[in-house]
There are 2 protein chains.
Amino acid sequence: MQDKVINIKEKLSKFSEHWSPRVVAQMNDYQFKVVKIKGDFTWHDHKDTDEVFMVIDGKMRIDFRDGSVELSNGEMFVIPKGLEHKPFAEDECQVLLVEPCGVINTGESGGELTADNDVWV
Amino acid sequence: MQDKVINIKEKLSKFSEHWSPRVVAQMNDYQFKVVKIKGDFTWHDHKDTDEVFMVIDGKMRIDFRDGSVELSNGEMFVIPKGLEHKPFAEDECQVLLVEPCGVINTGESGGELTADNDVWV
(Lines give C-alpha, C1' and ligand atoms only; values in the text may rest on other atoms or scores of the structure.)
Protein backbone atom coordinates (compact mmCIF):
# COMPACT_ATOMS: atom_id res chain seq x y z
CA MET A 1 0.00 0.00 0.00
CA GLN A 2 3.04 2.25 0.36
CA ASP A 3 2.68 3.17 -3.31
CA LYS A 4 -0.55 4.99 -2.45
CA VAL A 5 1.27 7.45 -0.20
CA ILE A 6 1.14 10.92 -1.75
CA ASN A 7 4.24 13.09 -1.36
CA ILE A 8 3.01 16.60 -2.06
CA LYS A 9 6.37 18.17 -3.00
CA GLU A 10 7.26 15.20 -5.19
CA LYS A 11 3.97 15.70 -7.08
CA LEU A 12 4.75 19.40 -7.49
CA SER A 13 8.16 18.53 -8.97
CA LYS A 14 6.51 16.76 -11.90
CA PHE A 15 5.24 19.81 -13.78
CA SER A 16 6.16 23.44 -14.26
CA GLU A 17 3.11 25.17 -15.76
CA HIS A 18 1.53 27.96 -13.75
CA TRP A 19 -2.20 28.08 -12.93
CA SER A 20 -2.63 24.47 -13.98
CA PRO A 21 -4.02 22.44 -11.03
CA ARG A 22 -3.21 18.72 -10.93
CA VAL A 23 -5.23 16.31 -8.81
CA VAL A 24 -3.18 14.27 -6.31
CA ALA A 25 -5.93 12.64 -4.24
CA GLN A 26 -9.66 12.15 -3.97
CA MET A 27 -11.59 11.78 -0.69
CA ASN A 28 -15.27 11.01 -1.22
CA ASP A 29 -16.34 13.62 -3.79
CA TYR A 30 -13.59 16.08 -2.90
CA GLN A 31 -10.22 16.45 -4.58
CA PHE A 32 -6.80 17.63 -3.40
CA LYS A 33 -4.96 19.49 -6.16
CA VAL A 34 -1.45 20.93 -6.35
CA VAL A 35 -0.83 24.07 -8.34
CA LYS A 36 2.08 26.41 -9.06
CA ILE A 37 1.06 30.03 -9.28
CA LYS A 38 2.84 33.20 -10.36
CA GLY A 39 1.50 36.63 -11.20
CA ASP A 40 -2.15 37.62 -11.24
CA PHE A 41 -5.04 35.22 -11.66
CA THR A 42 -8.57 36.07 -12.81
CA TRP A 43 -11.22 37.58 -10.54
CA HIS A 44 -13.78 34.84 -9.97
CA ASP A 45 -15.92 33.07 -7.42
CA HIS A 46 -17.37 29.61 -6.89
CA LYS A 47 -21.13 29.96 -6.44
CA ASP A 48 -21.71 26.57 -4.84
CA THR A 49 -18.71 25.80 -2.71
CA ASP A 50 -16.06 26.95 -0.30
CA GLU A 51 -12.46 26.40 -1.40
CA VAL A 52 -9.31 25.82 0.64
CA PHE A 53 -5.86 27.19 -0.21
CA MET A 54 -2.84 25.80 1.66
CA VAL A 55 0.64 27.12 0.89
CA ILE A 56 3.25 24.37 0.54
CA ASP A 57 6.18 26.57 -0.47
CA GLY A 58 6.37 30.30 -1.08
CA LYS A 59 4.13 33.28 -0.48
CA MET A 60 0.86 34.31 -2.06
CA ARG A 61 -1.84 36.90 -1.65
CA ILE A 62 -5.55 36.51 -2.15
CA ASP A 63 -7.31 39.75 -3.04
CA PHE A 64 -10.97 40.33 -2.24
CA ARG A 65 -13.06 43.30 -3.27
CA ASP A 66 -12.72 44.69 0.26
CA GLY A 67 -9.29 43.50 1.39
CA SER A 68 -6.68 40.80 1.04
CA VAL A 69 -4.85 38.08 2.93
CA GLU A 70 -1.24 36.97 2.70
CA LEU A 71 -0.33 33.31 3.10
CA SER A 72 3.04 31.64 3.48
CA ASN A 73 4.34 28.11 4.14
CA GLY A 74 2.04 26.08 6.37
CA GLU A 75 -0.80 28.58 6.26
CA MET A 76 -4.28 27.92 4.91
CA PHE A 77 -7.41 29.90 4.17
CA VAL A 78 -11.02 28.99 3.49
CA ILE A 79 -12.59 31.11 0.74
CA PRO A 80 -16.34 31.20 1.40
CA LYS A 81 -18.61 30.22 -1.47
CA GLY A 82 -19.71 33.09 -3.64
CA LEU A 83 -16.94 35.43 -2.52
CA GLU A 84 -15.04 37.02 -5.40
CA HIS A 85 -11.30 36.54 -5.12
CA LYS A 86 -8.10 36.91 -7.14
CA PRO A 87 -5.00 34.91 -6.21
CA PHE A 88 -1.61 36.53 -6.78
CA ALA A 89 2.03 35.58 -6.24
CA GLU A 90 5.00 37.81 -6.96
CA ASP A 91 7.35 34.82 -7.12
CA GLU A 92 6.28 31.26 -7.87
CA CYS A 93 4.25 29.80 -5.01
CA GLN A 94 3.32 26.13 -4.57
CA VAL A 95 -0.19 25.55 -3.27
CA LEU A 96 -2.49 22.71 -2.27
CA LEU A 97 -6.18 23.23 -3.08
CA VAL A 98 -9.08 21.29 -1.58
CA GLU A 99 -12.49 21.53 -3.22
CA PRO A 100 -15.31 19.34 -4.54
CA CYS A 101 -14.79 17.37 -7.75
CA GLY A 102 -15.68 19.36 -10.84
CA VAL A 103 -14.78 22.84 -9.62
CA ILE A 104 -13.32 24.94 -12.45
CA ASN A 105 -10.35 27.11 -11.50
CA THR A 106 -11.84 30.31 -12.92
CA GLY A 107 -15.37 29.68 -11.65
CA GLU A 108 -17.77 31.08 -14.22
CA SER A 109 -15.43 33.88 -15.26
CA GLY A 110 -13.72 31.90 -18.03
CA GLY A 111 -10.74 33.36 -19.85
CA GLU A 112 -7.40 32.05 -21.01
CA LEU A 113 -6.34 30.90 -17.54
CA THR A 114 -9.19 28.37 -17.37
CA ALA A 115 -7.51 24.98 -16.90
CA ASP A 116 -8.61 21.48 -17.79
CA ASN A 117 -10.39 19.82 -14.91
CA ASP A 118 -9.58 16.48 -13.29
CA VAL A 119 -6.00 16.21 -14.60
CA TRP A 120 -4.05 13.95 -12.25
CA VAL A 121 -0.32 14.00 -11.58
CA MET B 1 -9.39 39.28 6.92
CA GLN B 2 -5.80 38.39 7.81
CA ASP B 3 -7.05 37.12 11.18
CA LYS B 4 -8.82 34.28 9.36
CA VAL B 5 -5.53 32.87 8.07
CA ILE B 6 -4.87 29.51 9.72
CA ASN B 7 -1.26 28.72 10.63
CA ILE B 8 -1.22 24.97 11.10
CA LYS B 9 1.89 24.73 13.28
CA GLU B 10 0.74 27.63 15.43
CA LYS B 11 -2.54 25.79 16.05
CA LEU B 12 -0.61 22.64 16.98
CA SER B 13 1.44 24.63 19.51
CA LYS B 14 -1.69 25.42 21.51
CA PHE B 15 -2.28 22.00 23.05
CA SER B 16 -0.29 18.95 24.08
CA GLU B 17 -2.76 16.09 24.53
CA HIS B 18 -2.33 13.07 22.27
CA TRP B 19 -5.18 11.59 20.19
CA SER B 20 -7.30 14.69 20.76
CA PRO B 21 -8.21 16.24 17.38
CA ARG B 22 -8.88 20.00 17.28
CA VAL B 23 -10.76 21.62 14.44
CA VAL B 24 -8.91 24.45 12.70
CA ALA B 25 -11.15 25.08 9.67
CA GLN B 26 -14.41 24.13 8.03
CA MET B 27 -15.04 23.98 4.27
CA ASN B 28 -18.67 23.24 3.39
CA ASP B 29 -19.50 20.26 5.63
CA TYR B 30 -15.91 19.08 5.95
CA GLN B 31 -13.48 19.89 8.73
CA PHE B 32 -9.69 20.20 8.93
CA LYS B 33 -8.39 18.97 12.30
CA VAL B 34 -4.91 18.97 13.82
CA VAL B 35 -3.90 16.15 16.14
CA LYS B 36 -0.79 15.04 18.00
CA ILE B 37 -0.36 11.30 18.11
CA LYS B 38 2.00 8.99 19.99
CA GLY B 39 1.86 5.24 20.53
CA ASP B 40 -0.90 2.93 19.36
CA PHE B 41 -4.43 4.02 18.54
CA THR B 42 -7.53 1.80 18.43
CA TRP B 43 -8.42 -0.43 15.47
CA HIS B 44 -11.45 1.17 13.84
CA ASP B 45 -13.05 2.17 10.58
CA HIS B 46 -15.40 4.86 9.30
CA LYS B 47 -18.31 3.16 7.58
CA ASP B 48 -19.55 6.18 5.65
CA THR B 49 -16.51 8.19 4.65
CA ASP B 50 -12.95 8.30 3.42
CA GLU B 51 -10.47 10.09 5.69
CA VAL B 52 -7.28 12.00 4.86
CA PHE B 53 -4.12 11.97 6.99
CA MET B 54 -1.40 14.52 6.21
CA VAL B 55 1.80 14.58 8.26
CA ILE B 56 2.86 18.08 9.32
CA ASP B 57 5.82 17.09 11.49
CA GLY B 58 7.21 13.67 12.39
CA LYS B 59 6.63 10.12 11.25
CA MET B 60 3.67 7.81 11.62
CA ARG B 61 2.50 4.43 10.46
CA ILE B 62 -1.00 3.33 9.58
CA ASP B 63 -1.59 -0.39 10.03
CA PHE B 64 -4.22 -2.24 8.02
CA ARG B 65 -5.23 -5.86 8.46
CA ASP B 66 -3.15 -6.76 5.40
CA GLY B 67 -0.30 -4.27 5.45
CA SER B 68 0.79 -0.81 6.52
CA VAL B 69 2.00 2.53 5.21
CA GLU B 70 4.58 4.91 6.63
CA LEU B 71 4.11 8.66 6.31
CA SER B 72 6.48 11.51 7.05
CA ASN B 73 6.49 15.31 6.62
CA GLY B 74 4.55 16.46 3.59
CA GLU B 75 3.03 13.07 2.86
CA MET B 76 -0.68 12.28 2.82
CA PHE B 77 -2.85 9.20 2.56
CA VAL B 78 -6.53 8.62 1.84
CA ILE B 79 -8.05 5.88 3.99
CA PRO B 80 -10.99 4.41 2.06
CA LYS B 81 -14.31 4.25 3.85
CA GLY B 82 -14.93 1.02 5.71
CA LEU B 83 -11.26 -0.01 5.81
CA GLU B 84 -10.06 -0.96 9.29
CA HIS B 85 -6.95 0.92 10.32
CA LYS B 86 -4.81 1.65 13.34
CA PRO B 87 -2.58 4.74 13.44
CA PHE B 88 0.74 4.47 15.30
CA ALA B 89 3.66 6.78 16.03
CA GLU B 90 6.81 5.79 17.92
CA ASP B 91 7.60 9.44 18.68
CA GLU B 92 5.07 12.25 18.74
CA CYS B 93 3.80 13.05 15.26
CA GLN B 94 1.76 16.10 14.24
CA VAL B 95 -0.98 15.41 11.75
CA LEU B 96 -3.68 17.23 9.78
CA LEU B 97 -6.92 15.29 9.25
CA VAL B 98 -9.61 16.10 6.68
CA GLU B 99 -13.01 14.46 7.03
CA PRO B 100 -16.72 15.30 7.11
CA CYS B 101 -18.16 17.07 10.13
CA GLY B 102 -19.27 14.67 12.84
CA VAL B 103 -16.73 11.89 12.27
CA ILE B 104 -15.70 10.30 15.59
CA ASN B 105 -12.00 9.50 15.91
CA THR B 106 -12.57 5.87 16.95
CA GLY B 107 -15.37 5.22 14.45
CA GLU B 108 -17.80 2.81 16.10
CA SER B 109 -15.11 1.05 18.11
CA GLY B 110 -15.39 3.33 21.14
CA GLY B 111 -12.91 2.97 24.03
CA GLU B 112 -10.97 5.38 26.19
CA LEU B 113 -9.28 7.10 23.24
CA THR B 114 -12.61 8.35 21.89
CA ALA B 115 -12.31 12.15 21.81
CA ASP B 116 -14.89 14.89 22.00
CA ASN B 117 -16.02 15.96 18.55
CA ASP B 118 -16.02 19.47 17.09
CA VAL B 119 -13.52 20.99 19.56
CA TRP B 120 -11.88 23.98 17.89
CA VAL B 121 -8.45 25.43 18.60
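Residues numbered from 1 in each chain as written. Chains lettered and ligands numbered in written order. Predicted model: local features only at pLDDT ≥ 70, side-chain atom pairs only at ≥ 80, totals over all residues. Heavy atoms only, no water.

## Description of the overall build of chain A
Test applied: Every helix listed is a DSSP run of H or I at least four residues long, and every strand listed is a run of E at least two residues long, numbered separately from the N terminus. Our radius of gyration is a C-alpha quantity, and the globule rule it is checked against amounts to 2.2 Å times the number of residues to the power 0.38. Working definition: with a 1.4 Å probe on protein chains only, accessible area under 20% of the residue-type maximum means buried, over 50% means exposed, and in between means partly exposed. We call two residues in contact when some of their heavy atoms are within 4.5 Å. Accessibility throughout is a Shrake-Rupley quantity obtained with a 1.4 Å probe, and a residue counts as covered only by protein chains that appear here. Only four residue types enter the tally: Lys and Arg on the positive side, Asp and Glu on the negative side, with His and both chain ends excluded. Note on charges: their place is set at NZ of Lys, CZ of Arg, CG of Asp or CD of Glu.
Each helix and strand in chain A was counted, giving one helix and eight strands. In chain A, the succession of α and β elements from N to C terminus is β-α-β-β-β-β-β-β-β. For chain A, whose C-alpha radius of gyration is 14 Å, the value lies close to the compact-globule estimate of 14 Å for 121 residues. Its C-alpha atoms give chain A principal-axis dimensions of about 45 × 30 × 25 Å. For chain A, the residues scored as buried account for 52% of the 121 residues in total. For chain A, the proportion of contacts with a sequence separation of at least 24, taken over those separated by at least 6, is 65%. Here chain A has roughly 5500 Å² of accessible surface; of this, 43% comes from carbon and sulfur atoms. Side-chain charges in chain A split into 14 positive and 23 negative, and the spacing between the mean points of these groups amounts to 4 Å.

## With respect to the pairing of strand S6 (residues 67–72) of chain A
Look at any regular strand and the pattern is simple: side chains alternate between the two faces of the sheet. Residues and elements named next belong to chain A. Formally: Each pair of strands is called paired provided DSSP finds at least two bridges between the two strands.
Two elements, strand S5 (residues 59–64) and S6, share six bridges in a ladder whose sense is antiparallel. Across the sheet, residue Asp 63 finds its bridge partner in S6, namely Ser 68. Two successive antiparallel strands, S5 and S6, enclose a turn made up of two residues.

## Some thoughts on the pattern of salt bridges
All names here are of chain A. Heads up, the rule is: Any Lys or Arg side-chain nitrogen found within 4 Å of a carboxyl oxygen on Asp or Glu counts as a salt bridge.
Following the criterion strictly, the structure yields 16 salt bridges over all chains and no others. When the shortest N-O distance is used, the salt bridge between Glu 10 and Lys 14 registers 3.3 Å. Between Arg 61 and Asp 63 there is a salt bridge, and its shortest N-O distance comes to 2.7 Å. On the accessibility criterion, Arg 61 (26% relative accessible area) is partly exposed. Through salt bridges that share partners, Asp 40, Arg 61, Asp 63 and Lys 86 make up one connected network.

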